[in-house]
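Below are the chains, spelled out letter by letter.
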Amino acid sequence: MSADRETNQTMTDRDIALLLADAADEVEIGIAPYQAVIRGGRRRRARRWALATAAALVIVGGSGTLALAGLRDGNGVEVSPAVKQESTAPLTPEERSVYEPRGTLIGIGEIGGKEWQVTVDVWGAPRTEGEAWAQFQRMKAFGEVPVGVDAGKTSQLVGKYSYFTRRAIGDGKDSVLTQNSVDTKDVMAGTDLESVALSLDPKHTTPQRLVMGQVAKTAQEVTCSWKDGSSTVARRVTEGADVNSDESAIRPVAGSSDDWFVCVGPEGTTFDSVKVTK
């Protein structure tokens with residue numbers, strides 16, 4: 001390479017050829033190096049400037065512009081900068097379910113000839129005080145107001161998603177059973193578990209044989225034990241699986257950082273204990 005290349009701002013064809021030859025010792029250039037650039041571009045910042053220049057020269061065509069059409073990701077799917085930019089753009093409050101909750105059915109069964117069902121409503125986390133205030137107004141309309149939060153404290157909802165569990169029996173109006181607002185950074189791990197034991201009778205005159213709660217997304221099995229010595233195992237089901245009658249299962253809930261489980265005990269007994277067993 002010419003000795004004055006450090007000071008000469010004009011690179012000759014020979015300079016470019018030598019530069020590419022130097023870079024070839026570190027980079028194997030295939031027929032279409034676009035995938036490697038898409039997958040690994042951010043992991044290669046430590047490489048020297050000359051190597052980065054060589055890669056750019058390979059991708060840039062004779063017209064001096066990057067050939068963007070036909071780029072493919074690691075799965076062979078065609079992508080473009082416009083598509084990638086759209087996928088990483090901030091979602092609107094509506095897309096994040098800030099003003100309308102997402103509901104997931106987690107349990108269903110029968111008691112006294114009437115069907116019961118339990119759902120979880122999840123409100124997305126507001127990012128600003130304005131979003132939090134507007135969300136609070138919508139929550140009031142839904143009858144799902146977080147405990148301890150009033151019109152003067154709506155900023156407490158910023159960065160938190162809120163969930164409300166609701167139970168309906170027969171044709172009766174559904175009611176809120178439990179609720180909480182959770183920081184989006186607060187994610188369960190290992191054998192973490194939060195649960196509540198409830199009666200399937202709205203008047204709470206029957207034993208507590210419905211247990212529901214939250215577990216880590218890695219949990220595969222939850223065991224509920226009953227006072228009569230028996231136990232019920234809730235196992236993970238695939239996402240989107242239908243809820244079957246009296247099914248005990250672990251499943252994802254839309255908008256929740258953690259997964260949810262339901263255990264249904266046999267008639268005539270009541271709740272004793274619950275733990276993650278796998």
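Each chain has its residues counted from 1, following the order in which its sequence is written. Per-residue local features are limited, in this predicted model, to residues with pLDDT of at least 70; the limit for side-chain atom pairs, both in listing and counting, is 80 or more; totals at the level of whole chains, interfaces and linings are taken over all residues. Side-chain numbers come from the whole structure's heavy atoms, not from hydrogens or water.

A.B. asks: Just checking my understanding: could you explain the side chain of Gln 214 for this structure?
C.D. replies: Locating Gln 214 in the fold gives a position in strand 8 (residues 208-215). A polar atom in the side chain of Gln 214 sits 3.2 Å from the side chain of Tyr 163. Excluding its chain neighbours within four sequence positions, the residues that come into contact with Gln 214 are Tyr 161, Tyr 163, Met 188, Asp 192, Leu 193, Glu 194, Ser 256, Asp 258, Asp 259, Trp 260 and Phe 261. By definition, any uninterrupted DSSP run of H or I lasting at least four residues is a helix, any uninterrupted run of E lasting at least two residues is a strand, and each is numbered from the N terminus. Within 3.5 Å is the distance limit for a polar contact, defined as a pair of N or O atoms, with the added protein rule that one can donate a hydrogen and the other accept it, and that residues adjacent in sequence qualify only through two side-chain atoms. By definition, residues are in contact when any of their heavy atoms lie within 4.5 Å.

A.B. asks: Looking at this structure, how should I read the nonpolar core?
C.D. replies: Grouped together as the largest cluster of nonpolar side chains are 18 residues, with contacts concentrated most on Ile 106, Trp 116, Val 120, Tyr 163 and Leu 210. For this core, the secondary structure elements donating two or more residues are strand 3 (102-111), strand 4 (114-123), strand 5 (160-169), strand 8 and strand 12 (259-264). The greatest single-element share of this core, amounting to 4 residues, is contributed by strand 4. With sequence-adjacent residues up to four places away left out, Tyr 163 is seen in contact with Val 120, Asp 121, Val 122, Thr 178, Gln 179, Asn 180, Val 182, Glu 194, Gln 214 and Trp 260. Buried residues of nine kinds, namely Ala, Val, Leu, Ile, Met, Phe, Trp, Tyr and Cys, make up a nonpolar core once their side-chain atoms join them within 4.5 Å. Whether a residue is buried, partly exposed or exposed follows from its accessible area with a 1.4 Å probe, protein chains only, as a fraction of its type maximum: under 20%, in between, or over 50%, in that order. Counting 14 residues, the second-largest nonpolar core is a separate cluster that includes Val 211, Ala 219, Ala 234 and Cys 263.

A.B. asks: What am I meant to see in the packing of aromatic side chains here?
C.D. replies: In this description, an aromatic ring pair is defined by two values, namely the gap between the centres and the angle between the planes. Two rings belonging to Phe, Tyr or Trp (six-membered ring only in the last case) form a pair when the distance between their centres is within 6.5 Å. Interplanar angles under 30 degrees mark stacking, angles over 60 mark edge-to-face geometry, and anything in between is tilted. Taken as a whole and judged by the stated rule, the model has 3 aromatic pairs. Between Trp 123 and Phe 142 the ring centres are 5.2 Å apart and the planes differ by 85°, which places this aromatic pair in the edge-to-face class. Linking Trp 123 in strand 4 with Phe 142 in helix 5 (residues 129-142), this pair joins segments that are 19 residues apart in sequence. On the basis of relative accessible area, Phe 142 is assigned to the partly exposed category, the value being 33%. With centroids separated by 5.0 Å and ring planes inclined at 80°, the aromatic side chains of Tyr 163 and Trp 260 adopt a geometry described as edge-to-face. A residue pair is termed long-range when its members are at least 10 positions apart, and Tyr 163 in strand 5 and Trp 260 in strand 12 qualify at 97 residues. In this structure Tyr 163 comes out as buried when scored by relative accessible area, which is 6%. The buried category is assigned to Trp 260, whose relative accessible area is 3%.

A.B. asks: What am I meant to see in the sheet that holds strand 4 here?
C.D. replies: Across a sheet, strands are paired by hydrogen bonds formed along the backbone, either parallel or antiparallel in direction. By this definition, two strands are paired if DSSP reports at least two bridges between them. Across the sheet, which stays open at both edges, the 4 strands sit in the order 3-4-5-6 with antiparallel pairing between neighbours. Of all the strands in the sheet, the pair left with one neighbour each is strand 3 and strand 6 (175-183). The sheet shows a mean angle of 15° between the axes of neighbouring strands, direction not considered. Two elements, strand 4 and strand 5, share 8 bridges in a ladder whose sense is antiparallel. Paired with Asp 121 across the bridge in strand 5 is Phe 164. With respect to the sheet, helix 5 is in contact with strand 4 and strand 5, its orientation differing from that of strand 4 by roughly 170°. Fitting a line to C-alpha atoms yields each axis, with helices limited to the stretch in contact; the angle taken between N-to-C directions then spans 0 to 180 degrees.

A.B. asks: Is there a simple way to explain the state of the cysteines in this structure?
C.D. replies: In a disulfide, the sulfur atoms of two cysteines are covalently bonded to one another. Sulfur atoms of two cysteines make up a disulfide when they are within 2.5 Å. Within the structure shown, the criterion is met by 1 disulfide. Residue Cys 224 pairs covalently with Cys 263 via a disulfide, S to S 2.3 Å. Residues Cys 224 and Cys 263 are joined by a disulfide whose S-S torsion is about 85°; by sign, that bridge is right-handed. Highlighted residues: Cys 224 in strand 9 (residues 221-226) and Cys 263 in strand 12, separated in sequence by 39 residues. With respect to class, Cys 224 is no different from Cys 263; both count as buried.

A.B. asks: Help me out: how do you make sense of the side chain of Thr 154 in this one?
C.D. replies: Among the structural elements, Thr 154 can be located in the loop between helix 5 and strand 5. Looking at Thr 154, the relative accessible area reads 7%, which means it is buried. Leave out the neighbours within four places in its chain, and Thr 154 touches Ala 132, Trp 133, Phe 136 and Val 149.

A.B. asks: How do you make sense of the sheet that holds strand 10 (residues 231-236) when you look at a structure like this?
C.D. replies: With mixed pairing, 7 strands are arranged side by side in an open sheet as 7-8-12-11-10-9-13. The sheet terminates laterally at strand 7 (193-199) and strand 13 (271-276), the two strands that pair on one side only. In this sheet, adjacent strand axes meet at a mean angle of 20° when their direction is disregarded. In this sheet, strand 12 lies alongside strand 11 (residues 249-251) in antiparallel orientation, the contact comprising 3 bridges. Within strand 12, the residue paired with Ala 249 across the bridge is Val 262.

A.B. asks: Sorry, what's going on with a negative patch on the surface here?
C.D. replies: For patch detection, residues must exceed 30% relative accessible area and be free of salt bridges, and they are connected within 9 Å for like charges or within 5 Å for nonpolar side chains (Val, Leu, Ile, Met, Phe, Trp, Tyr). Only the protein chains shown count as covering a residue, and every accessible area follows the Shrake-Rupley method with a 1.4 Å probe. A side-chain nitrogen of Lys or Arg and a carboxyl oxygen of Asp or Glu constitute a salt bridge if their distance falls within 4 Å. Neither His nor the chain ends is counted toward charge; the positive residues are Lys and Arg and the negative residues Asp and Glu. All charge positions are set by atom: Lys at NZ, Arg at CZ, Asp at CG, Glu at CD. Judged by side-chain charge, Glu 110, Glu 115, Asp 246 and Glu 267 come together as a negatively charged surface patch. What makes Glu 115 partly exposed here is its relative accessible area of 45%.

A.B. asks: Mind showing me how you'd approach the pattern of salt bridges here?
C.D. replies: Pairs can form between side chains of opposite charge once their charged atoms are near each other. This structure, assessed with the given rule, holds 10 salt bridges. For Lys 217, the salt bridge is made with Asp 259, and the minimal N-O distance between the two is 2.8 Å. Placement of Lys 217 in the loop between strand 8 and strand 9 and of Asp 259 in strand 12 is noted, with a sequence separation of 42 residues between them. Given the relative accessible area of 2%, Asp 259 is considered buried. Of the charged contacts in the structure, one is a salt bridge between Arg 236 and Asp 259, with a shortest N-O distance of 2.7 Å. Taken together, the positions of Arg 236 in strand 10 and Asp 259 in strand 12 put the pair 23 residues apart, joining distant regions of the chain. A single network of salt bridges, built from pairs that share partners, joins Glu 144, Arg 166 and Asp 174.

That is the geometry; function is a separate question.
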